[in-house]
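If you want the building blocks of each chain, they are given just below.
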Amino acid sequence: MELYYLDILNLLLHSIVLTKCSVGNFEIIKGIPIENAKLYPYGKEFSCLDGTLTIPYSYINDDYCDCIDASDEPGTSACPNGTFYCTNKGHFPLVVPSSRVNDGICDCCDGSDEWANNIQKHACQNTCENLSHEARSEANRVDNLYAQGFKIRAQLITKGKYLLSQKQNKILHLLTKIKQAQFNRSSMFNDKEMAKKKEEKAIEEEKSNQQNKAIKIFNEIDTNKNNKIEVEEVIAYSNFDQNQDGLVSQDEIYLLNKMLFASF
């Protein structure tokens, strides 16, 4: 008999929980966001959201799955493919599978997914405010990290621009030095070529002068003009008498030959 009354009590509690709160021409249905309440017009037949079936209004959240898309049981675990919307006032909303409704585990921070257990046992405490505080603290921590990161980023950008400017200036300086070195090298090469040509010209002029001098001396010695220098002509050529003894010695003749042959 006692069990019978307990069953009656559970049914009454269940019916109280499932009673829709009337707001205007629609009611707040458990397990859906408030903005979707207009899809469940109060007291009127309900059309499954996929359009496959129309059922009496009383079939909504009656713990029996009528609609294929589970839209008639947003607040129970009757439909395996259904979902339950946690309002989680003061924190972030959450959508959980309908299989978690009244399973003894608190999934929503407001405890709304365990509405039957809460009525009987107060199984779930509302922890949304604490979670919201923790979430705000975490958000502030992340914001501070981002702020620090942006500050460091700005510092690195400034430093990078400075280093880039320094490197560019150094490159320009090196390019200027390279250009000057190339100019100096070109100038030195031109000067070298000019000096070489002057040297060659001077050598040619000196060689020509020596040849002309030798020809002149040869013609002076070759008194008989037979294009031959004879011993008598050499002896008679007083310019070769270096020691002024009136004679041209063999050594003096050797010097004459050396001079003449060196000129050709």
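Everything discussed here concerns the structure shown above.
Calculation criteria
Residues numbered from 1 in each chain as written. Predicted model: local features only at pLDDT ≥ 70, side-chain atom pairs only at ≥ 80, totals over all residues. Heavy atoms only, no water. Core = buried A, V, L, I, M, F, W, Y, C linked by side-chain atoms within 4.5 Å. Buried < 20%, exposed > 50% of the residue type's maximum accessible area, 1.4 Å probe, protein only. Contact = heavy atoms within 4.5 Å. Phe/Tyr/Trp six-rings, centres within 6.5 Å; stacked < 30°, edge-to-face > 60°. Helix = DSSP H or I, 4+ residues; strand = E, 2+ residues; numbered from the N terminus. Salt bridge = Lys/Arg side-chain N within 4 Å of Asp/Glu carboxyl O. Expected span 1.5 Å × (residues − 1). Pairing = 2+ DSSP bridges. Polar contact = N/O pair within 3.5 Å; in protein donor to acceptor, adjacent residues only side chain to side chain. Disulfide = S-S within 2.5 Å.

Visitor: What is the right way to look at the nonpolar core in this model?
Guide: Here is a general trend for soluble globular proteins: nonpolar side chains tend to be buried in one another's company. One finds Ile29, Ile32, Tyr40, Phe46, Cys48, Ile55, Tyr57, Ile60 and Cys67 forming the largest nonpolar core, which totals nine residues. Those residues in contact with phenylalanine 46 that sit more than four places away from it in its chain are Leu39, Tyr40, Leu53, Thr54, Ile55, Tyr57, Ile60, Cys67, Ser71 and Asp72. Core analysis: the next-biggest nonpolar cluster, separate from the first, contains seven residues, Val96, Val101, Cys108 and Ala116 among them.

Visitor: Even after reading the chapter, I still don't get the packing of aromatic side chains, so can you show me in this structure?
Guide: For any pair of aromatic rings, the description rests on two quantities: the centre-to-centre distance and the angle between the ring planes. Scanning the model with the defined rule gives three aromatic pairs in all. Centre to centre, the rings of tyrosine 42 and tyrosine 57 are 5.8 Å apart; their planes meet at 80°, and the pair counts as edge-to-face. With tyrosine 42 in the loop between strand 2 (26-28) and strand 3 (46-47) and tyrosine 57 in the loop between strand 4 (54-55) and strand 5 (83-86), the pair connects residues that are 15 residues apart, well separated along the chain. The partly exposed category is assigned to tyrosine 42, whose relative accessible area is 46%. We classify tyrosine 57 as buried; its relative accessible area is 10%.

Visitor: What is the right way to read the pattern of salt bridges from this model?
Guide: Once the charged atoms of two side chains with opposite charge are near each other, the side chains can pair. According to the stated counting rule, one finds two salt bridges in the structure shown. Glutamate 138 is the salt-bridge partner of arginine 141, the closest N and O atoms lying 2.6 Å from each other. Of this pair, arginine 141 and glutamate 138 both sit in helix 3 (residues 128-221), three residues apart, which is roughly one turn of the helix. Residue class for glutamate 138 comes out partly exposed when judged on its relative accessible area of 37%.

Visitor: How should I be thinking about helix 3 in this particular structure?
Guide: Two residues of an α-helix separated by three or four positions point the same way, owing to the 3.6 residues in each turn. An ideal rise of 1.5 Å per residue puts 140 Å on 94 residues; helix 3 measures up with 134 Å between its terminal C-alpha atoms. Within helix 3, the full set of buried residues consists of Cys128, Ser132, Ala214, Ile217 and Ile221.

Visitor: I'm lost on the pairing of strand 5 in this one. Help?
Guide: For a regular strand, side chains alternate in direction, first toward one face of the sheet and then toward the other. Judged by which residues are buried, strand 5 turns out to be one-sided: Phe84 and Cys86 face inward and are buried, whereas Thr83 and Tyr85, on the alternate face, are not. Bridge count between strand 5 and strand 6 (residues 94-97): four bridges; the pairing is antiparallel. Bridged to phenylalanine 84 within strand 6 is valine 96.

Visitor: Looking at this structure, I do not really get the environment of threonine 52. What am I missing?
Guide: Relative to the assigned elements, threonine 52 resides in the loop between strand 3 and strand 4. Considering only alpha carbons, one finds threonine 52 and aspartate 69, 17 residues apart in sequence, at a separation of 8.8 Å. A polar contact of 2.8 Å, which involves the side chain of threonine 52, links it to the side chain of aspartate 50.

Visitor: Explanation requested: the side chain of asparagine 88 in the structure shown.
Guide: With respect to the secondary-structure elements, asparagine 88 resides in the loop between strand 5 and strand 6. Judged by relative accessible area, asparagine 88 falls into the buried class, the value being 2%.

Visitor: Sorry if this is basic, but what is going on with unusual backbone geometry here?
Guide: For residues that are not glycine, phi is negative in most cases, and the peptide bond is trans in most cases. A positive phi angle is found at aspartate 63, which is not glycine, with a value near 70°. Checked against the element boundaries, aspartate 63 lands in the loop between strand 4 and strand 5. Residue classification places aspartate 63 among the partly exposed positions, given a relative accessible area of 43%. The backbone of alanine 70 shows a phi angle near 65°, a positive value even though the residue is not glycine. With relative accessibility at 5%, the residue alanine 70 sits in the buried group.

Visitor: What should I look at first to understand the state of the cysteines in this one?
Guide: Linking two cysteines covalently via their sulfur atoms produces the bond known as a disulfide. Inspection of the entire model under this criterion finds five disulfides. The residue that forms a disulfide with cysteine 48 is cysteine 67, at a sulfur-sulfur distance of 1.9 Å. Judged by the sign of its S-S torsion, about -75°, the cystine formed by cysteine 48 and cysteine 67 is left-handed. With cysteine 48 in the loop between strand 3 and strand 4 and cysteine 67 in the loop between strand 4 and strand 5, this pair connects stretches of sequence that are 19 residues apart. The disulfide pattern of the protein chain is 1-3, 2-4, 5-7, 6-9, 8-10 when the bonded cysteines are numbered in sequence order.

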